[in-house]
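Chain by chain, the residues:
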Amino acid sequence: MSKLERNWQYAEQYPAETGAIVRARRLSLELGIEPVSRSVGAQLSALAVLSRAATVCEVGTGVGVSGLSLLRHTAETTLTSIEIEAEHLREARGVFADAGIPASRLRLIEGDARHVMPRLNLGAYDLVLLDADHSLLLELFEHALAIVRPGGCIVVPGAFAHGRVPDPAARDEATVACRDLLAVVADSPAIAPALSPAGDGLLTLVRLDG
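Scope of this entry: the structure provided in the associated data block. (Residues numbered from 1 in each chain as written. Predicted model: local features only at pLDDT ≥ 70, side-chain atom pairs only at ≥ 80, totals over all residues. Heavy atoms only, no water.)

## Focus on the pattern of salt bridges
Phase 1: What the rule picks out here adds up to 4 salt bridges.
Phase 2: Taking the shortest distance from any N to any O, the salt bridge between Asp126 and Arg149 comes out at 2.5 Å. Taken as a pair, Asp126 in strand β4 (residues 125-130) and Arg149 in strand β5 (residues 148-157) lie far apart in primary sequence, 23 residues in all.
Phase 3: Judged by relative accessible area, Asp126 falls into the buried class, the value being 10%.
Phase 4: A salt bridge links Arg164 to Asp172, with the nearest nitrogen and oxygen atoms 3.0 Å apart. (Salt bridge = Lys/Arg side-chain N within 4 Å of Asp/Glu carboxyl O. Helix = DSSP H or I, 4+ residues; strand = E, 2+ residues; numbered from the N terminus. Buried < 20%, exposed > 50% of the residue type's maximum accessible area, 1.4 Å probe, protein only.)

Below, the structure is given as structure tokens:
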């Protein structure tokens, strides 16, 4: 194992998760959902604090691993979370309730994010998480850019598409969409991008003023 691989493995186990997140992660795996990794969850927790996020929009609730991570260190943040699978959303409601998250801090919406996001208020969110079908990534990104405030950030976990993005031979739809988004934001004067190797790649995009 190389030094870089050892570093990545160590980072993936740091820091410890809350009991509620551990239980949500276990439930995710039982239902066949791939939640954000432990290190990505930690980065989401930190980003919510660093951005002083009062309002967060999440695409892809799952059963609440990323949502709990976003709310972990904030007392006032409200989360709007969109999930297309009704069963997952039902489980998520129980997960958030068991974790002691008051209903006043949650708005859980069942539906296709492509149809829900255009109905959200423009520039109203401090942080937007896109954890959904990567083949839809460019369309979801356009919607996210409309609803995030200047100075706010859009976060995309799984930006390496299971390690396929760096492989030029990989040409499936999801991988191409990830590559296209990375290319678009790299050259955009309206966005400050950062790509981390955490998990399966974590792309953070800050919307600049103007």
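## Considerations on the pairing of strand β3 (residues 106-110)
Phase 1: The pairing of strand β2 (residues 78-83) with β3 spans 5 bridges and is classified as parallel. From the neighbouring strand, Ser81 faces β3, where its bridge partner is Leu108.
Phase 2: For the handedness criterion, the β-α-β arrangement of β2, helix α5 (residues 86-98) and β3 is classed as right-handed. (Pairing = 2+ DSSP bridges. Right-handed = clockwise from strand over helix to strand, strands pointing away.)

## Comments concerning unusual backbone geometry
Phase 1: That bond from Tyr14 to Pro15 is cis: its omega, -10°, falls within 30 degrees of zero.
Phase 2: Among the secondary structure elements, Pro15 is positioned in the loop between α1 (3-12) and α2 (19-30).
Phase 3: The residue His162 is not glycine, and still its phi comes out positive at about 60°.
Phase 4: Looking at where His162 falls in the secondary structure, it is placed in the loop between β5 and α8 (173-186).

## Thoughts on a negative patch on the surface
Phase 1: The grouping of Glu85, Glu87, Glu91 and Glu110 at the surface amounts to a negative patch.
Phase 2: Among the secondary structure elements, Glu110 is positioned in strand β3.
Phase 3: The class of Glu110 is exposed, set by a relative accessible area of 52%. (Patch = residues over 30% accessible without salt bridge, like charges linked within 9 Å, V, L, I, M, F, W, Y side chains within 5 Å. Areas by Shrake-Rupley, 256 points an atom, 1.4 Å probe, with all protein chains shown as cover. Lys, Arg positive; Asp, Glu negative; His and termini not counted. Charge placed at Lys NZ, Arg CZ, Asp CG, Glu CD.)

## Looking at the side chain of Arg105
Phase 1: In this structure, Arg105 sits in the loop between α5 and β3.
Phase 2: A polar contact of 2.8 Å, which involves the side chain of Arg105, links it to the backbone oxygen of Thr74.
Phase 3: A polar atom in the side chain of Arg105 sits 2.8 Å from the backbone oxygen of Thr77.
Phase 4: What Arg105 contacts, discounting residues up to four positions off in sequence, is Leu71, Thr74, Ala75, Glu76, Thr77, Thr78 and Leu79. (Polar contact = N/O pair within 3.5 Å; in protein donor to acceptor, adjacent residues only side chain to side chain. Contact = heavy atoms within 4.5 Å.)

## Observations concerning the environment of Ala53
Phase 1: Among the structural elements, Ala53 can be located in the loop between α3 (38-50) and β1 (55-59).
Phase 2: For the pair Ala53 and Ala159, spaced 106 residues apart in the sequence, the C-alpha separation amounts to 22 Å.
Phase 3: Discounting chain neighbours no more than four positions away, the residues touching Ala53 are Ala48, Thr77, Asp126 and Leu127.

## Examining the pairing of β2
Phase 1: Most of β2 sits out of view: 5 of its 6 residues are buried.
Phase 2: Across 5 bridges, β1 lies against β2 in parallel orientation. Bridging across to β2, Val56 finds its partner in Leu79.
Phase 3: The parallel pair β1 and β2 is bridged by helix α4 (residues 65-71), and the resulting crossover is right-handed.

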